[in-house]
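Listed here are the chains, written in short residue letters.
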Amino acid sequence: MSFLLTHLPVLPIVLPLLAGVLMLFLGEPRRGPRIALALASTGLQLATGASLLFLTSDAAPFIWTEGIGVYAFGGWPAPFGIVLVVDRLAAVMVTLGAVLALATLVYSIARWDRPGQPFHTLFQFLLVGMNGAFLTGDLFNLFVFIEVLLAASYGLVLRGTGTDRVRSGFHYVAVNLVASAMFLIGVAVVYGAAGTLNLADLARRLPALVASDRILFDVGAAILGIAFLVKAGSWPLNFWLPGTYAVALPPVGAVFAMLTKVGVYALLRVGTLVSGDVAAASMVGQALFYFGIATLLAGTTGMLAAQHLARLVSYTVVVSTGTLLAALGLGIEALTAPVLFYLITSVLTTSTFFMLTGMTDRTRPGSAAGARDQELPEPAVAGTPFYMAFGVREPDPYGTEAEVGFAIPRAIAFLGLAFVSCVLLVTGLPPLPGFIAKFALLSTAIAAAPAAGVTTASWVLAGAVIASGFAGIVALTRVGIRLFWTVTARTTPRLLVGEAAPVAVLVLLCVGLAVLAAPVLGYLESAAASIHAPQGYMLAVLGPAPAPGGSP
Amino acid sequence: MEAVYALAIGVLAGSGVWLLLRPRTFQVLMGLVLLSYATNLFIFGMGRLVIDRPPIIAAGAPGYADPVPQALVLTAIVIGFGTTALFLVLLLALRALTGTDHVDGREPRR
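Basis of the calculations
Residues numbered from 1 in each chain as written. Chains lettered and ligands numbered in written order. Predicted model: local features only at pLDDT ≥ 70, side-chain atom pairs only at ≥ 80, totals over all residues. Helix = DSSP H or I, 4+ residues; strand = E, 2+ residues; numbered from the N terminus. Buried ≥ 20, exposed ≤ 12 C-beta atoms within 10 Å, placed from the backbone. Contact = placed C-beta atoms within 7 Å. Rg over C-alpha atoms; globule rule 2.2 N^0.38 Å. pLDDT = per-residue confidence, 0-100. Pairing = 2+ DSSP bridges. Expected span 1.5 Å × (residues − 1). Core = buried A, V, L, I, M, F, W, Y, C linked by C-beta atoms within 7 Å.

Colleague: I keep staring at the overall build of chain A and nothing clicks. Help me out?
Modeller: Looking only at helices and strands, one finds 21 helices and two strands in chain A. Counting every position in chain A, which comprises 552 residues, the buried fraction comes to 57%. In chain A, the share of contacts with a sequence separation of at least 24, taken over all contacts with a separation of at least 6, comes to 79%.

Colleague: How should I be thinking about the overall build of chain B in this particular structure?
Modeller: Scanning chain B for helices and strands turns up three helices and zero strands. Secondary structure elements in chain B, listed N-terminal to C-terminal, are α-α-α. For 110 residues, the compact-globule formula gives about 13 Å, and the C-alpha radius of gyration of chain B, at 19 Å, lies well above that figure. For chain B, the C-alpha atoms occupy an extent of roughly 65 × 25 × 15 Å along the three principal directions. Contacts in chain B between residues far apart in sequence, at least 24 positions, make up 46% of those at least 6 positions apart.

Colleague: For this particular structure, what's the right way to read the confidence of the model for chain B?
Modeller: The predicted coordinates of low-pLDDT regions are not to be read in fine detail. Residues and elements named next belong to chain B. Mean pLDDT over chain B stands at 87; residues scoring 70 or higher make up 99%. Per-element averaging of pLDDT across chain B places helix α3 (residues 67–98) at the bottom with 87 and helix α1 (residues 2–20) at the top with 93. Under the prediction, the complex receives an ipTM of 0.92, its pTM being 0.88.

Colleague: Just checking my understanding: could you explain the pairing of strand β2 (residues 83–86) of chain A for this structure?
Modeller: Each regular strand shows side chains that alternate between the opposite faces of the sheet. All names here are of chain A. Of the two faces of β2, the one carrying Val83 and Val85 and the one carrying Leu84 and Val86 are both buried. Relative to β2, strand β1 (residues 69–72) is paired through four bridges, and the arrangement is antiparallel. Directly across from Gly69, in β2, lies its bridge partner Val86.

Colleague: What am I meant to see in the interface of chain A and chain B here?
Modeller: Many structure descriptions define interface size as the accessible area lost when the parts assemble. On the side of chain B, 30 residues touch chain A, which itself brings 26 residues to the contact. Elements supplying a minimum of two residues to the side of chain A that touches chain B: α6 (139–157) and α7 (163–194) of chain A. Counting residues per element, the side of chain A that touches chain B draws most heavily on α7(A), which supplies 16 residues.

Colleague: How should α7(A) be read in this particular structure?
Modeller: One turn of the α-helix equals 3.6 residues, which is why residues spaced by three or four share an orientation. Residue and element names in this part refer to chain A. Taking 1.5 Å of rise per residue, 32 residues should cover 46 Å, and α7 covers 46 Å from first to last C-alpha, within 8% of that figure. Of all 32 residues making up α7, 29 are buried, and the element is well covered by its neighbours. Backbone geometry just downstream of α7 places Gly195 in the positive-phi region, at approximately 80 degrees.

Colleague: Is there a simple way to think about unusual backbone geometry in this case?
Modeller: Residues and elements named next belong to chain B. We note that Arg48 has phi near 70 degrees; this positive angle belongs to a residue other than glycine. Along the chain, the position of Arg48 falls in the loop between α2 (25–46) and α3. Unlike most non-glycine residues, Asp52 shows phi in positive territory, near 60 degrees. Relative to the helices and strands, Asp52 resides in the loop between α2 and α3. Asp52 gets classed as exposed once you count the C-beta atoms within 10 Å, which come to 8.

Colleague: So what exactly am I meant to see when it comes to the nonpolar core here?
Modeller: Core analysis: the biggest nonpolar cluster contains 216 residues, and Val85(A), Leu126(A), Leu149(A), Val187(A), Val190(A), Ala327(A) and Leu340(A) have the highest contact counts within it. Considering each element in turn, this core owes the most residues, 20 residues, to α7(A).

Colleague: Sorry, what's going on with helix α9 (residues 211–232) of chain A here?
Modeller: All names here are of chain A. Over its 22 residues, α9 extends 31 Å from the first C-alpha to the last, a length consistent with the 32 Å expected when each residue adds 1.5 Å. Along α9, the positions that sit buried rather than exposed are Phe217, Gly220, Ala221, Leu224, Gly225, Ala227, Phe228, Leu229, Val230, Lys231 and Ala232. Lining the buried residues of α9 we find α6, α7, α12 (259–274), α13 (287–305) and α14 (309–329). Within two residues after α9, Gly233 carries a phi angle of roughly 80 degrees, on the positive side.

Colleague: Quick question: what am I supposed to make of the environment of Leu74(B) here?
Modeller: Residue and element names in this part refer to chain B. Along the chain, the position of Leu74 falls in helix α3. Judged by the 12 C-beta atoms lying within 10 Å of it, Leu74 is exposed. For the pair Leu74 and Gly63, spaced 11 residues apart in sequence, the C-alpha to C-alpha distance is 22 Å.

Colleague: When you look at the confidence of the model for chain A in this model, what are you seeing that I'm missing?
Modeller: Residue and element names in this part refer to chain A. Confidence in the prediction for chain A averages 80 pLDDT; 84% of positions are at 70 or higher. Long-range and interchain partners of residues 277–282, a stretch whose pLDDT sits below 50, account for 18 contacts in this model, where long-range means more than four residues apart. Note that pLDDT drops below 50 for residues 367–402; the model gives that stretch 53 contacts with residues more than four away or on any other chain.

Colleague: Even after reading the chapter, I still don't get the environment of Arg106(B), so can you show me in this structure?
Modeller: Note that Arg106(B) resides in the segment after α3. Among all residues touching Arg106(B), those that are not within four sequence positions of it are Thr98(B) and Thr100(B).

Structure (structure tokens):
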């Protein structure tokens, strides 16, 4: 038991890594064991996430001091070895990621995961990177995990065929490689100035830095901030995002809804630690607010202009990133908990929405997706299909293979209900938690503004968030009418239980989030309090501070 | 030595950024490669340039060379190598699918 407890923080990384590697040994025909492995690994991650949530909460203060668990790789103590640190924020993010991953996995098994060996392996490696990025307590380790995450995401985004996908994938990879170079430069400058990469050690050494080093450090932090903003999809560094997300397969888009939030998380984590006494995420300072508002407006414009549902949903990802960045950029500490609540609901929502696009696409009669019974169209372009390069048969998600599983009755009614729920969630209308999140965000921002001296900015944020919600209603209503009410020549898609159930479960989870908003917000407030008091983090990782005047 | 080193990084990074902004895919690839060279050298330089020193604290040695940036560079090289190889495959796929080597997959209108 105590063995398990000691090694619990590393499980979200080790489990998918083992599962992913084991899958490499299961040949393509052995689908059953592979799916079982994937489900077991993801389910165990969810269980681990839930236990981490419990262990970091007030309910179990006796296990980890201050609710912060530290796992030292190989037993090397903190400033020298690499550590994993579990605090409440990390536990929340890991659990959220696991919920999303499990839903997406079930959804993808219904139809989208063939050929499954590369898909499931990449999916597990994506989870390795994601969980690692949330848990790590070391700046360079953060880089490595984000690279693992990105490498898996490159593979996932290129699944399927078509010129669009390869072109968008090309842009996606190029932008992220440049961002990775920026990240490395930032890490190097920070190391050169502060002499350590352990986040807690950085936070502790920072006040003692001499002025010339401090300037260098700030430059490094700013470069890091730019790299994080690219990952988060902030304007003007986000033109790759809508194109890539819209052409990716629906389950891939669904799990990518979480990827931009890794950037936001990194910003929040590193920002609160290195800025010490200054308010939240002042790594990029005031600029973060303006970046956020610009992102929000760009996303809103994109939503109004988008013609296809998948593209529209990608722009809602941009809008949610913009809202998060702008709210963090206000620098009001009380805002962190509503921001986290908004992050959770927006991730769940956009993910559900991406899954939904995979089903509504099939109602379009002319689309390849609608033509399940007809001959599948060959890849439009003559020449080498992309997958030929790897000697793999193209994935054929629309089913020349026999479909496994049961179809659900009244598919259109289900689609309509799910669509309406998603619209309510995205635009922030009551009674679903999208409303609660935005309401908590705006009321806190406006209530705290006079004290924090950012009144105008708060009102600008309120205006922009409400305007983007309104624009979202307009755009989604238009798409909804086209999808469901212009009935001529629509085909009724055959929905499998495996696809419909994750969507239903995620929507119900959102309803549950609305009902249990008070305890969830309470937990997030304690998480926010803990990240705004980095002394607890430093104490847990490094132990008591040495007496001042000791050896440097 | 510092000046030469800094100049080398600057030239590599400058050429990398210029190539990165060119419209042909192979130029972008070369730009990324040069940029990652510059980054790796930069990380190395951030450990301070010293010569003839062991990478560990040894008795009798006049000092030591910081081993951490060397480890970081090693990791960065491996990751950069992998992603560049993937990028190359993608470049070839794009070329095969669209018949052009423009980054947008189509020739600009003249």
